[in-house]
Amino acid sequence: MAADPRLLLLDEPLSALDAALQAQMQHELIALQQQVKVAFVYVTHDQVHALALSQRIAVMQAGRVVQIDKPEIIYRQPMTRFVAGFIGACNLLDGTVERAADGCLQVRVDGLGALRVNSAEPLVAGSRGTVAIRPEQIRLQRGQTKAADDQSSSWPGVIRDRLYQGDVTLYTVELASGPRLQTMVANAATAEAGQFRQGDPVGLTWPETAGVFLCQ
């Protein structure tokens, strides 16, 4: 910084630090960049660091930039299957477009049937692609029923695995129709006794706007 550079390259600067120091240094780097007004190019394999520190993210695949945008756009509206799976956990379901109208698609997915999803691209019936749904967008319900006023679709399944991460728990649910999906549940208001266990029968639901259809 003493050389007053126009551009600062940071090559995985936090990789040797423990989790607490990494969190502290993220705040320090953000404050430093705002203070000196120098562009930082931050290279990292840690997707959480990329989302937290960046104003723009470039995702590279095989040496080529496949998407560059704001962190929230990269996460919520990935352009390819690779970006969706690389940035954060994501359920990726292959399917075929049955009907397209007004930016909304009806996609036939093996084991799930017809799903309604959003698409930014104009598509025609018969187009193949992937439905991407983030785990935190899927609701997990005890038993295999849903509320009477719930207008979203519901699929019965069984808890096959759980990964406790402190603030959230990541569950893997095997649906009765075959596919396995991941769903994320916040632990803030959930006591240990209220958590789901392996083998528990459950139901999964998500709103129609949760899924994004990817052609690549």
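From a predicted model like this one, the values you see are computed outputs, not experimental measurements.

**Considerations on the overall build of the protein**
Piece 1. Helix and strand counts for the protein come out as four helices and 14 strands.
Piece 2. The C-alpha extent of the protein, read off along each of the three principal axes, is 65 × 50 × 30 Å.
Piece 3. Buried positions account for 36% of the 216 residues belonging to the protein.
Piece 4. For the protein, the exposed area adds up to about 12,600 Å²; of that, 52% sits on carbon and sulfur atoms.
Piece 5. Here the protein carries 19 positive and 22 negative side-chain charges, and the mean point of each set is 5 Å from the other.

**Quick look at helix α1 (residues 19-36)**
Piece 1. Relative to the 26 Å expected for 18 residues at 1.5 Å per residue, α1 spans 26 Å between its end C-alpha atoms, a close match to the ideal helical length.
Piece 2. Among the residues making up α1, those that are buried are Q22, Q26 and L29. Projected down its long axis, α1 shows its buried positions confined to an angular sector of 70 degrees, all on one face. What points out from α1, more than 90 degrees from its buried face, is the exposed set A20, H27 and Q35.
Piece 3. Contact partners of the buried residues in α1: β1 (7-11), β2 (39-43) and α2 (47-53).
Piece 4. Once α1 finishes, K37 follows within two positions and takes phi at roughly 60 degrees, a positive value.

**Examining the nonpolar core**
Piece 1. One finds V107, L112, V131, L140, L204, W206 and F213 to be the most contacted residues of the largest nonpolar core, which totals 25 residues.
Piece 2. For this core, the secondary-structure elements that each account for two or more residues are β5 (91-101), β6 (104-109), β7 (113-118), β8 (128-133), β10 (153-164), β11 (168-175) and β13 (201-206).
Piece 3. Those residues in contact with V131 that lie beyond four places of it in its chain are N91, L92, L93, V107, V109, V117, G211, V212 and F213.
Piece 4. Residues I57, V59, V66 and Y75 belong to the second largest nonpolar core, which totals eight residues.

**Digging into the environment of Q198**
Piece 1. Here Q198 is to be found in the loop between β12 (180-186) and β13.
Piece 2. Taking the relative accessible area as the measure of exposure, Q198 reaches 62% and is therefore exposed.
Piece 3. Distance in space between the C-alpha atoms of Q198 and H27 is 38 Å, their sequence separation being 171 residues.
Piece 4. When near neighbours in sequence (up to four residues on either side) are disregarded, Q198 contacts I159 and R160.
Piece 5. A polar contact is formed between the side chain of Q198 and the backbone oxygen of R160, at a distance of 3.1 Å.

**Some remarks on a nonpolar patch on the surface**
Piece 1. Among the surface-exposed residues, L7, L9, V41 and V43 lie close enough to one another that they form a single nonpolar patch of about 350 Å² accessible area.
Piece 2. Listed by contribution, the elements that provide at least two residues to the nonpolar patch are β1 and β2.
Piece 3. Along the chain, the position of V43 falls in strand β2.

**Some words on the side chain of N187**
Piece 1. By the element assignment, N187 lies in the loop between β12 and β13.
Piece 2. From its side chain, N187 meets the backbone oxygen of G166 in a polar contact 3.0 Å long.
Piece 3. Residue contacts for N187: discarding those within four places in its chain leaves Y164, G166, D167, V168, T169 and Q195.

**A closer look at the state of the cysteines**
Here, the word disulfide means a covalent bond between the sulfur atoms of two cysteines.
Piece 1. Overall, the coordinates contain zero disulfides when judged by the stated rule.
Piece 2. No disulfide involves C90; its sulfur sits 15 Å from the nearest other cysteine sulfur, which is in C215.

**Considerations on the packing of aromatic side chains**
Piece 1. Within this structure, the stated rule accounts for three aromatic pairs.
Piece 2. Relative to F86, the ring of F82 has its centre 5.5 Å away and its plane inclined at 10 degrees; by these criteria the two rings are stacked. Remark: F86 and F82 occur in helix α4 (residues 81-86); sequence separation between them is four residues, near one turn of the helix.
Piece 3. F82 sits in the partly exposed class, given a relative accessible area of 29%.
Piece 4. Residue class for F86 comes out partly exposed when judged on its relative accessible area of 33%.
Piece 5. A ring pair is formed by Y171 and F196, whose centres lie 5.6 Å apart and whose planes are at 85 degrees; its orientation type is edge-to-face. With Y171 in strand β11 and F196 in the loop between β12 and β13, this residue pair connects regions lying 25 residues apart in the sequence. Each member of the pair, Y171 as well as F196, carries the same accessibility label: buried.
Piece 6. Above the face of the Y75 ring, R134 is positioned so that its terminal group lies 4.0 Å from the ring centre.
Piece 7. Over the aromatic face of F196 sits the side chain of R142, whose NZ or CZ is 4.3 Å from the ring centroid.

Calculation rules
Residues numbered from 1 in each chain as written. Predicted model: local features only at pLDDT ≥ 70, side-chain atom pairs only at ≥ 80, totals over all residues. Heavy atoms only, no water. Helix = DSSP H or I, 4+ residues; strand = E, 2+ residues; numbered from the N terminus. Buried < 20%, exposed > 50% of the residue type's maximum accessible area, 1.4 Å probe, protein only. Areas by Shrake-Rupley, 256 points an atom, 1.4 Å probe, with all protein chains shown as cover. Lys, Arg positive; Asp, Glu negative; His and termini not counted. Charge placed at Lys NZ, Arg CZ, Asp CG, Glu CD. Expected span 1.5 Å × (residues − 1). Arc of directions from axis to C-beta. Contact = heavy atoms within 4.5 Å. Core = buried A, V, L, I, M, F, W, Y, C linked by side-chain atoms within 4.5 Å. Polar contact = N/O pair within 3.5 Å; in protein donor to acceptor, adjacent residues only side chain to side chain. Patch = residues over 30% accessible without salt bridge, like charges linked within 9 Å, V, L, I, M, F, W, Y side chains within 5 Å. Salt bridge = Lys/Arg side-chain N within 4 Å of Asp/Glu carboxyl O. Disulfide = S-S within 2.5 Å. Phe/Tyr/Trp six-rings, centres within 6.5 Å; stacked < 30°, edge-to-face > 60°. Lys NZ or Arg CZ within 6 Å of the ring centre and 35° of its normal.

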